Amino acid sequence: MTATKEPGDEPTNRQWGGRFAGGPAAIMRRINASIDFDKRLWAEDIRGSLAHCAMLVAQNILSPQDGAAIAAGLEQIRGEIERGEFAFSEAHEDIHMNIEARLAELIGPVAGRLHTARSRNDQVATDLRLWLRAAIDRLDAAMRELQSALVDRAEAEAATVMPGFTHLQIAQPVTLGHHLLAYFEMLRRDRGRLADCRRRLNESPLGAAALAGTSFPIDRDTTAAALGFERPMANSLDAVSDRDFAVEFLAAAALAGAHLSRLAEEIVIWCSDAFAFIALSDAFTTGSSIMPQKRNPDAAELIRAKTGRLNGALLALLTVFKGLPLAYSKDLQEDKIPVFEAADALELCLAAMTGMVRDLRPDRDRLRAAAGRGFATATDLADWLVRAAGLPFRRAHRVTGAIVKRAETLGVSLAELPLAELQAIEPAATAAVYEVLDPARSVDSRTSYGGTAPARVRAAAAAARQSLARERQGAV
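Throughout, a residue's number is its position along its own chain's written sequence, starting from 1. At least 70 in pLDDT is required for a residue's local features to be given in this predicted model, at least 80 for side-chain atom pairs to be given and counted, and no such filter applies to totals for whole chains, interfaces and linings, which use all residues. For side-chain calculations, the full set of non-hydrogen atoms in the structure is used, while hydrogens and water are omitted.

Things to note about the overall build of the chain
To keep things clear, this is the line we draw: Note on conventions: DSSP H or I runs of at least 4 residues are helices, E runs of at least 2 residues are strands, and numbering of each starts at the N terminus. For the radius of gyration, the atoms used are the C-alpha atoms, and the globule rule reads 2.2 Å times the number of residues raised to 0.38. Partly exposed residues are those whose accessible area sits between 20% and 50% of the maximum for their type, while under 20% is buried and over 50% is exposed, using a 1.4 Å probe and protein chains only. We call two residues contacting when some pair of their heavy atoms lies within 4.5 Å. Charged-residue counts in this description rest on Lys and Arg as positive and Asp and Glu as negative, His and the chain ends being excluded. For this purpose, a charge sits on NZ of Lys, CZ of Arg, CG of Asp or CD of Glu.
For the chain, the count of helices and strands is 18 helices and six strands. For 476 residues, the compact-globule estimate of 2.2 N^0.38 gives 23 Å, and the chain exceeds it by more than 25% at 31 Å. Seen through its C-alpha atoms, the chain measures out along the principal axes to roughly 105 × 50 × 40 Å. Taking all 476 residues of the chain together, the buried fraction comes to 46%. In the chain, 75% of the contacts between residues at least 6 apart in sequence involve partners at least 24 apart. Here the chain holds 57 positive side-chain charges and 61 negative ones, and the gap between their average locations is 4 Å.

A look at the nonpolar core
As a reminder, the rule being used: Residue types Ala, Val, Leu, Ile, Met, Phe, Trp, Tyr and Cys, when buried and joined through side-chain atoms within 4.5 Å, form a set referred to as a nonpolar core.
Residues Leu-132, Phe-249, Leu-346, Leu-350 and Met-353 are the most contacted members of the largest nonpolar core, which totals 85 residues. Broken down by element, the residue count for this core peaks at 16 residues, all from helix H10 (residues 244-271). In this view, Met-353 contacts Leu-146, Leu-260, Leu-263, Ala-264, Ile-267 and Ile-303; residues no more than four positions away in its chain are not counted. Formed by 19 residues, the second largest nonpolar core is a distinct cluster that contains Trp-384, Val-399, Leu-414 and Leu-437.

Side note on the packing of aromatic side chains
We apply this condition: Paired rings are identified among Phe, Tyr and Trp, the last through its six-membered ring, by centres lying within 6.5 Å, and are further divided according to the angle between planes into stacked (under 30 degrees), edge-to-face (over 60) and tilted (the rest). The criterion is that NZ of a Lys, or CZ of an Arg, lies within 6 Å of the ring centre and within 35 degrees of the ring normal, and then a charge sits over that ring.
The final tally for this structure, using the stated rule, is four aromatic pairs. Put simply, the rings of Phe-165, Phe-275 and Phe-277 pair up and form one aromatic cluster. Over the ring of Phe-229 we find Arg-133; its NZ or CZ atom is 5.0 Å from the centre of that ring. The ring centre of Trp-131 lies 5.7 Å from the NZ or CZ of Arg-138, which sits over that ring.

Topic: the environment of Arg-220
Stated formally: We define a polar contact as two N or O atoms separated by no more than 3.5 Å, with the added condition that, inside protein, one atom must be a possible hydrogen donor and the other a possible acceptor, whereas residues neighbouring each other in sequence contribute only through side-chain atom pairs.
Examined against the element boundaries, Arg-220 turns out to sit in helix H8 (residues 220-226). We classify Arg-220 as buried; its relative accessible area is 18%. With 165 residues separating them in the primary sequence, Arg-220 and Met-55 have C-alpha atoms 8.4 Å apart. Once residues lying within four places of it in the same chain are set aside, the contact partners of Arg-220 are Ser-204, Pro-205, Leu-206, Gly-207, Ala-208, Pro-232 and Met-233. Of the polar contacts made by the side chain of Arg-220, one reaches the backbone oxygen of Leu-206; its length is 2.8 Å.

Considering helix H4 (residues 64-82)
Let me state the cut-off plainly: The length a helix should cover is 1.5 Å for every residue beyond the first.
If you check H4, its first and last C-alpha atoms are 27 Å apart, about what 19 residues at 1.5 Å a residue would give, namely 27 Å. Of all the residues in H4, the buried ones are Asp-66, Gly-67, Ile-70, Gly-73, Leu-74, Ile-77, Gly-79, Glu-80 and Ile-81. Taken together, the buried residues of H4 touch helix H3 (42-58) and helix H5 (95-107). Phi turns positive, to about 75°, at Gly-84, one or two residues after H4.

Points about the pairing of strand S2 (residues 169-175)
The condition that has to hold: At least two bridges found by DSSP between two strands is the condition for calling them paired.
Sheet analysis places strand S1 (residues 161-166) next to S2, joined by six bridges and oriented antiparallel. Looking at the pairing, Val-161 lines up with Thr-175 of S2. Connecting S1 to the next strand, S2, in antiparallel fashion are two residues, including His-167 with a positive phi near 60°.

Notes on helix H13 (residues 364-371)
What counts, and what does not: It is the directions from the helix axis to the C-beta atoms whose arc is reported.
Among the residues of H13, those classed as buried are Leu-367, Ala-370 and Ala-371. Buried residues along H13 cover an arc of 105° about the axis, so they all sit on one side. Those residues of H13 hidden inside the fold are in contact with S1, S2, helix H7 (176-201), strand S6 (361-362) and helix H17 (439-445).

Overview of the side chain of Arg-133
The cut-off we apply is this: Here a salt bridge means any side-chain nitrogen of Lys or Arg lying within 4 Å of a carboxyl oxygen belonging to Asp or Glu.
Its place among the elements puts Arg-133 in helix H6 (residues 120-156). Buried and unpaired, Arg-133 has no salt bridge, with Asp-137 as the nearest side chain of opposite charge at 5.7 Å. Excluding anything up to four places from it in sequence, Arg-133 contacts Arg-47, Arg-198, Leu-201, Asn-202, Leu-227, Gly-228 and Phe-229.

Details of the environment of Leu-41
Relative to the assigned elements, Leu-41 resides in the loop between helix H2 (35-38) and H3. Here the alpha-carbon distance between Leu-41 and Arg-364, two residues 323 residues apart in the chain, equals 49 Å. The contact partners of Leu-41, leaving out residues within four places of it in the chain, are Ile-95, Asp-127, Leu-128, Trp-131, Lys-336 and Phe-340.

Description of the side chain of Thr-307
Residue position: Thr-307 is located in helix H11 (residues 298-321). Leaving out residues up to four positions away in the same chain, Thr-307 has contacts with Gly-257, Ala-258 and Ser-261.

Considerations on the state of the cysteines
What counts is decided by this rule: The criterion for a disulfide is a pair of cysteine sulfur atoms lying within 2.5 Å.
The full count for this structure, using the stated rule, is zero disulfides. Counting only cysteine sulfurs, Cys-271 is the nearest neighbor of Cys-349, a cysteine outside any disulfide, at a range of 17 Å. Judged by relative accessible area, Cys-349 falls into the buried class, the value being 4%.

Considering the confidence of the model for the chain
We count it as follows: On a range of 0 to 100, pLDDT expresses the predictor's confidence in each residue.
Chain-level statistics for the chain give a pLDDT mean of 91 and a share of 93% at 70 or above. Throughout residues 1-14 the model reports pLDDT below 50, and contacts reaching past four residues in sequence, or to other chains, amount to 21 contacts.

Some words on a nonpolar patch on the surface
Formally: Each patch is assembled from residues with relative accessible area greater than 30% and no salt bridge, linking like charges that lie within 9 Å and nonpolar side chains (Val, Leu, Ile, Met, Phe, Trp, Tyr) that lie within 5 Å. Throughout, the Shrake-Rupley method with a 1.4 Å probe supplies accessible areas, and for residues the shown protein chains are the sole cover considered.
There is a patch of nonpolar side chains on the surface, built from Ile-27, Met-28 and Ile-31 and spanning about 330 Å² of accessible area. Tracing the backbone through its elements, the reader meets Ile-27 in helix H1 (residues 26-32).

Brief notes about the pattern of salt bridges
Under the definition given, this model contains 31 salt bridges. Between Arg-364 and Glu-157 there is a salt bridge whose closest N-O contact spans 2.8 Å. Of the two residues, Arg-364 is situated in helix H13 and Glu-157 in the loop between H6 and S1; the sequence distance between them amounts to 207 residues. In this structure, the salt-bridge partner of Glu-426 is Arg-395, at a minimum N-O distance of 3.4 Å. Highlighted residues: Glu-426 in the loop between helix H16 (419-425) and H17 and Arg-395 in helix H15 (residues 393-410), separated in sequence by 31 residues.

Re unusual backbone geometry
Cis peptide bonds are those with omega within 30 degrees of zero, and the linkage from Leu-326 to Ala-327 qualifies with 5°. Structurally, Ala-327 is set in the loop between H11 and helix H12 (336-359). Despite not being glycine, Leu-168 has its phi angle at roughly 60°, a positive value. Located in the positive-phi region is Phe-375, a residue other than glycine, with phi close to 55°. By the element assignment, Phe-375 lies in the loop between H13 and helix H14 (378-389).

Below, the structure written as structure tokens:
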């Protein structure tokens, strides 16, 4: 049933009082409206309004009959939006006024009672916290899936020898499994940062009203509990004006994006003909419009590029936020676009990276051959001279450098350098030194905690898998 309107109920600039004699200019409506982007908060807005309505009834601020009418109207609006039947209007500025205006159409002047002891200032702060809390939960689940993919691949490649790099120069042999588990650890910290952000944002602004609280006998603990918040925020000025929780989220998202970009960059390099360490299927590559032979790792390249969006979102909100006096200013309307864009971009990147990690196929022979280039076992030689010949490490380092130079001059690897050549530089060298010059034996020897030895990698992967399993059991 649609209620009849009464004088003064028109949803115009006059809706918040008789201060305004006329409507806003067209350009004012355009710059002031946020419905194009904040309509994403519709579910949170309805949820917050239902909790507020129930509290008003419980506190005898609102009659049960009016409360029931408001709740029924809000549920009808929820259904309309879910079915795509709701007409969002720029004339009503934002999601809050769009829903309130429709509620007034449905139930009449009673709709205006819902806003008792509440302001759009605490309303929008509550909505954004609710939305971001759910977004963090989705992102955490996506990060966990990527971690699971990395563990699966690390277990399969625990003994796959490859070159490890510093300065993008071949440094020492490692295993592909060990390399991939490094990203597991980065994601673990990324998830921790998001969890910290979620914990800090999980306080309710609702009831702070415009900036000073309210004279009505509201129960903020009840609405906080109804919305899943740990507690109401302690200061009404802080509640409506701070967006540090959004900045913190964007910082965590930007750092997670940087980690994804690093892995994406390595995938791009590894797929190149110059390296050819891995291959991606047609599912995660594209062709060229002119060169039929090309297979381009576009998914990885786009993940790498979207890091710019995440960084930009963080900088945008910091800039909006940096000079605002207490309490609320309309500048804060611009908080949502960067938050929404960052959450969307990061969620998409995580899904794409998970797919690529599961899709990639390493060329184990080529990886192993590359691990033998660049004198990658030079450190093993120096370590052997310390252990077997008793040389101080600094002397062993200089001796090894001279041996590398000799091998380079002769155009051979360390493993191919004749013993006589070795002994000409360091008489203490024996034939036993060749046992440490093989890349596979090199990785086998790296048995320290956190090292690249296959046994260590398998143990680390098993521990990571158990950790993920415990998380899933705890979530059930």
